[in-house]
Amino acid sequence: MKLTQFIKYSAVLTIFLQAGSHKAVACGPYYDDIPTPSYFQPLCDYNVDYDRKTENLEQWRALTAHDIPLADIDSVVYKAPLKAFLDSVKAPDSPGSNRFYSYLRNTHDSEAADFLTLAKEIETYRAGLASPWYYPSSRLYMTETDALNGFTDRCLAYGGTRLRDRYGLQAVRALFASRQYERCIATYDSIFADLPADNLFRRMSLDYVTGCMENLGLTKDTDDYYDEAGAVLCIADKEGRLRDRRINVNAPEWIYYIRREIDHIDQEVLWDAAQYYATNKDVANKGDWYYILAYLAGEKFGKNAEARRFVDAALKESFTFNDFAGQAHAYRLKISGRTGDMTTLLDDLRWIESRINSDANDNRFWSRILQNAVYTEWVPTLWDKGRYADMALLCSYADKLGLNYVDSQYGTLSFRLLESLKAKDVAQIGVELQKSTPLYRHLKRHSGLTPDFMNELTGTLAMREGNYQMAVNYLSGVSPRYLEGMNIYNCNYLSRNPFFQSADRVMYCDMAKKPLFREFALDSYRISDCAPDSKLRFARQMLKLDRIARTTQSPDVKAMAQYLYACGHYSSFENCWALTQYWKGEYCGIFYPYMLTLTSRWKLEMPDGKCFTRLFDYERSKCPDYVKSLYGTRFYELMDSDASDEVKAEIEYLAFNLADVCSDYEDTYIAQIIRTHCDGLKDWAVADSDEDE
Amino acid sequence: MHLIHRFILTLSALAALMLPGCSHEVSLQPAATREAPVNSIYYWKTVFSLDSAEYDFIQRHDIGQIYLRMFDVCKVKDVSHRWSVVPNATMRFQECDSAGVPDPRLSDLKFTPVVYITLDALRDMAGREDFLAELIVERVANMCSYNRLPNVGALQLDCDWTGTTEQSYFALCREVKKKIRSLCLPWKLSSTIRLHQLSRAVPPVDHGVLMVYNTGLFSDPDAINSILSLDDVRPYVGKLNSYMLPLDIAYPVYGWQLIFRHRQFAGIATGIDVTDSSVFEQETPNTYRVKWNASLRAYGLRPYDVVRNELSSYSDVISVRQLIEENLGKRPHSNILYHLDSSLLTNFSDDEIDSIY
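These remarks concern the structure in this document.

## Brief notes about unusual backbone geometry
Most of the time, phi is negative for any residue but glycine, and the peptide bond is trans. Residue His339(B) follows Tyr338(B) across a cis peptide bond; omega there is 5 degrees. Inspection of the secondary structure assignment puts His339(B) in the loop between strand 16 (335-338) and helix 8 (342-345). Residue His108(A) is not a glycine yet carries a positive backbone phi of 55 degrees. Mapped onto the secondary structure, His108(A) falls in the loop between helix 5 (99-107) and helix 6 (110-130). Accessibility expressed as a relative area gives 63% for His108(A), which makes it exposed. Its identity is not glycine, yet His262(B) carries a phi of approximately 50 degrees, on the positive side. Residue position: His262(B) is located in the loop between strand 11 (255-261) and strand 12 (264-269). Relative accessible area serves as the criterion here: at 71%, His262(B) is assigned to the exposed category.

Structure follows, in structure tokens:
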């Protein structure tokens, strides 16, 4: 029988579906955890020692042509054996050739080619000496000495200046290999005395000089030589030298070492040393030391304001490493967020955006920087200060430019933050977003907080709060085109009627023909066609029902209006939850900014701030207790009203309480329909009847 | 005139043939020409240092030649975990003063440097025998020069080559000879020959040394004496007289102790006192088992380990020598003892040593 089928149909539990502005999926979306970028350690494998090779390659590039890739120079300078080098330099140039070879061929830079030839000859010979097969033929090492002296003489015969330091290193190497230690030291002194201490080849030569001294038994001052050579790892008491301010402060190896070992060096020692070197006139790159101070102040000592001052000072100076300078600039964005100082925010965002857009850099790294700084610092700070508009716009900007961005605003952190606010707060944000300051104009270029989005969200939050007038005001400001693009409409999440759990039930009992329904219920009945403006129409209907209930003189009309209002309110959190929410389910995989530190000590950097604890918990979301309670209260109130039994029976019937209809309102039309049409006796028969059976 | 021209041309041709190709005087002896037999001995330690007993031994037994192990050639993994063929266990010379002048007692001795090549290394260098030959010869030459080794007249290669490595080893021998010539070294090339190799092709060398020791399998738990056994030698001696290479013969005068654990070879040792009845129980004339309740882990042994004492007894050596001599016929040869170690040579009397020679 039809009634039986309706009951069975209606008894099916509501299926909770994932909804939102994504295509419907069973689980997810799954967002990657955002790795926390390093603001200090070298961006290469931080277990690797300082790479003089890269420094050398960069200097070769500066000496020859700035557009030669370092990899090409590496292939020629470091990897090509002597014979292959000689053959390649003489070979005709062709498209696709190694560009360093092309340079040597086309410019006839014989000075560079001659040097590389000699260097490779020396290297080949030294490799032979280092071979396990090597065995000297005489105790005087005459053959080896003669050969190496020949190389040395050729090095010392160079009369130019361009490659003098390089020839000097080769001479030192040859003399060391031939065990002429005193002559090696003397040669070093004569060639490098007037070159600066941070000269790469002077530092490299010092490694050999130190070896000479150890072979000669002059071990007393080797630490000083190691220091000058930048052989930081060979120095016995590195912290002692830092404490005593006796380091070769312009050797890049020291800065590399400090960057790598920042967590292991005594911080007080480093703090004192950095303060000294940051203002020392002999220091070439004071930016390094100011940034060390900033990082210590901010990350180790909790002195955020000082950190901000130091990083500002750092950015006015030069750095040893370009990537270190970049990290310092990024750190300013982070530390400013911690203090809420917006004075350089626009400049910092423009700068970081340029890094993200640049092909030469790792744009994923800079995206992570942006997200880390905004999510962990700016968002909590601005939230605590009640600057919700700034927070939402900045967060939306970071969402858009950062990683993990999905093609919908409804999966972002900014959306989750906004959704955690009251409707009036979101409305106020919408007003403030109309500002046209330089910062806002920049942020809005990459923001998802469009007027449609804000209006739609405000209206939905208002509905969630039961403020249907506000909901109507805002939802009516959302463009049809925007609504048509939302999945909750495209995927039939609003196909159910919030006022009637089974629309056929109304038709079956001919309620639709009753004057009561003709007056207003039919409108309610027609909500369920999944039109883009369903939310707005629902809000309007709720307003209408509320007005009718307050203004009608008829107890029957009032009761029915109250029932439909209560039912609509409850349904908007239950089976029609898409009216008031955007996600629902066991696991939505809503984005949460877990930050993982990318060091060998993986730890979770949770964003700080209570704003994150207030995020709406979709995973455990269900119809709030207060909504259920309110429905129950309203239902019992209207059932206690002066409405007629017929109407009360109809209400019970609409609420699936068939047994109550037959027991409490047995003489009503509805009870008669039930008794004569309902196949399932147990659905409507009262308890006594059940026992009789 | 015509005749004079022909005469001059002939003289010129003869002169050209006679001109040496190297700056050194080279004496290339045909393989069939043998030097007079000389008592020889192998030296197989990693430090060349002779004590007075050893000098005395050399003198008493009129030893004129020492076969000196210079280094092994092995295949090892380097620090970057790549396999490479390198010299290993290079001899350290301590028979020189601080100026590098060798002990004058060595001045009348001939030295033959020996290089032992493992099969792994040989296989790894297959196809590059010329490169390996260059490495070996140059290194040995430098070692001889640096340490002023006197009277070096030959280089010996020691390799237990098999059927699958024979080609490579023979190629190495040829390349070594070429390299010796190119460096104008007055060296012949010799090779060790093992008993089982007597039935194989003859390596392209000038001279061979038949190793009449390690005749059994030392890792065989049931072997009685893997150093020397007449029964192990007998099957091979029939090929001696027809072997197309001048041979000298090397006999063992050493001993060792082999450790077996659960009938698996576990190692070589020396100096274990197997007469200690609190630790050992004799099972056979030359095997001793560690008692189950032995209270000490002496020598790294465990309960139930078996120690097999192997010695080169004079009777075994002389029996084998007799057999060898019978089968060699009248082929001139020298006898060589393996190896020079005063602690081992005390097992033989002077007469016994002389009778082996």
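## Some thoughts on helix 11 (residues 222-229) of chain A
Residues and elements named next belong to chain A. Among the residues of helix 11, Thr222, Tyr226, Asp227 and Ala229 are the ones counted as buried. Buried residues of helix 11, viewed axially, fall in a sector of 165 degrees; they line one side. At its buried positions, helix 11 is contacted by helix 2 (52-63), helix 10 (200-215), helix 12 (238-243) and helix 13 (252-261). One or two residues past the end of helix 11 sits Gly230, with phi positive at roughly 80 degrees.

## Quick notes on the layout of surface pockets
Residues and elements named next belong to chain B. Within this model, the largest pocket holds a volume of roughly 960 Å³. What lines the largest pocket is a set of 33 residues, and nearest its centre among them are Arg194, Met211, Tyr213, Asn214 and Trp256. Those elements giving two or more residues to the lining of the largest pocket turn out to be strand 3 (63-77), strand 6 (110-117), strand 8 (188-194), helix 6 (230-237) and strand 11. Classifying every residue of the lining of the largest pocket gives 17 nonpolar, nine polar and seven charged. Of the residues that make up the lining of the largest pocket, three or more belong to each of domain 1 (36-254 + 312-356) and domain 2 (255-310).

## Digging into the pattern of salt bridges
Under the defined criterion, the tally for this structure stands at 60 salt bridges over all chains. Across the pair Glu456(A) and Lys535(A) runs a salt bridge, and its minimum N-O distance is 2.6 Å. Taken together, the residues span a long stretch of sequence, with Glu456(A) in helix 24 (residues 451-464) and Lys535(A) in helix 30 (residues 534-551) at a distance of 79 residues. Neither residue differs from the other here; Glu456(A) and Lys535(A) are each classed as buried. With its nearest N and O atoms 3.2 Å apart, the salt bridge here joins Arg234(B) to Asp231(B). Remark: Asp231(B) and Arg234(B) occur in helix 6; sequence separation between them is three residues, near one turn of the helix. Taken together, the salt bridges that share partners define one network made up of Arg52(A), Glu55(A), Arg203(A), Asp207(A) and Glu253(A).

## Focus: the packing of aromatic side chains
Applying the stated criterion across every chain yields a total of 60 aromatic pairs over all chains. With a centroid separation of 4.4 Å and 25 degrees between ring planes, the pair formed by Tyr158(A) and Tyr167(A) is classed as stacked. By the burial criterion, Tyr158(A) is buried, and Tyr167(A) matches it. Site record: aromatic cluster; members linked through ring pairs are Tyr42(B), Trp44(B), Tyr67(B), Tyr213(B), Phe218(B), Tyr254(B), Trp256(B), Phe260(B), Phe265(B) and Tyr338(B).

## What about the packing of helix 22 (residues 423-432) of chain A against helix 24 of chain A?
For any two helices packed against each other, the geometry comes down to the angle between their axes and how far apart the axes lie. All names here are of chain A. Remark: helix 22 packs on helix 24, axes separated minimally by 8 Å, with the N-to-C direction vectors making an angle of 165 degrees. By the criterion of interaxial angle, the relationship of helix 22 to helix 24 is roughly antiparallel. As for the relative orientation of helix 22 and helix 24, their crossing is left-handed in sense. Residues Ala423, Val426, Ala427, Ile429 and Gly430 of helix 22 lie in contact with helix 24, whose contacting residues are Met454, Leu457, Thr458, Leu461 and Ala462.

## Considerations on the interface of chain B and chain A
The interface of chain B with chain A comprises 20 residues on the first partner and nine residues on the second. Contact with chain A buries area across many residues of chain B, yet Arg139(B), Asn142(B) and Tyr146(B) alone supply 49% of it, more than any other trio. Run the count over chain B and chain A and you get zero salt bridges. Where chain B meets chain A, there are seven residue pairs in polar contact (both at pLDDT 80 or more). For the side of chain B that touches chain A, the elements supplying multiple residues, two or more each, are strand 3, strand 4 (83-88) and helix 4 (129-146) of chain B.

Procedures and definitions
Residues numbered from 1 in each chain as written. Chains lettered and ligands numbered in written order. Predicted model: local features only at pLDDT ≥ 70, side-chain atom pairs only at ≥ 80, totals over all residues. Heavy atoms only, no water. Helix = DSSP H or I, 4+ residues; strand = E, 2+ residues; numbered from the N terminus. Buried < 20%, exposed > 50% of the residue type's maximum accessible area, 1.4 Å probe, protein only. Arc of directions from axis to C-beta. Contact = heavy atoms within 4.5 Å. 1 Å grid on protein atoms, 1.4 Å probe; cavity = no way out; pocket = protein on both sides within 12 Å on 5 of 7 lines; lining within 4 Å. Points joined across faces, edges and corners; volume = space filled by probe spheres on them. Nonpolar A, V, L, I, M, F, W, Y, C, P; charged D, E, K, R; others polar. Domains from an automatic or database assignment. Salt bridge = Lys/Arg side-chain N within 4 Å of Asp/Glu carboxyl O. Phe/Tyr/Trp six-rings, centres within 6.5 Å; stacked < 30°, edge-to-face > 60°. Axes fitted to C-alpha atoms, helices over the stretch in contact; angles between N-to-C directions. Parallel < 35°, antiparallel > 145°, perpendicular 65-115°, else oblique. Left-handed = near helix turned anticlockwise from the far one by under 90°. Buried area = accessible area lost by both parts, 1.4 Å probe. Polar contact = N/O pair within 3.5 Å; in protein donor to acceptor, adjacent residues only side chain to side chain.

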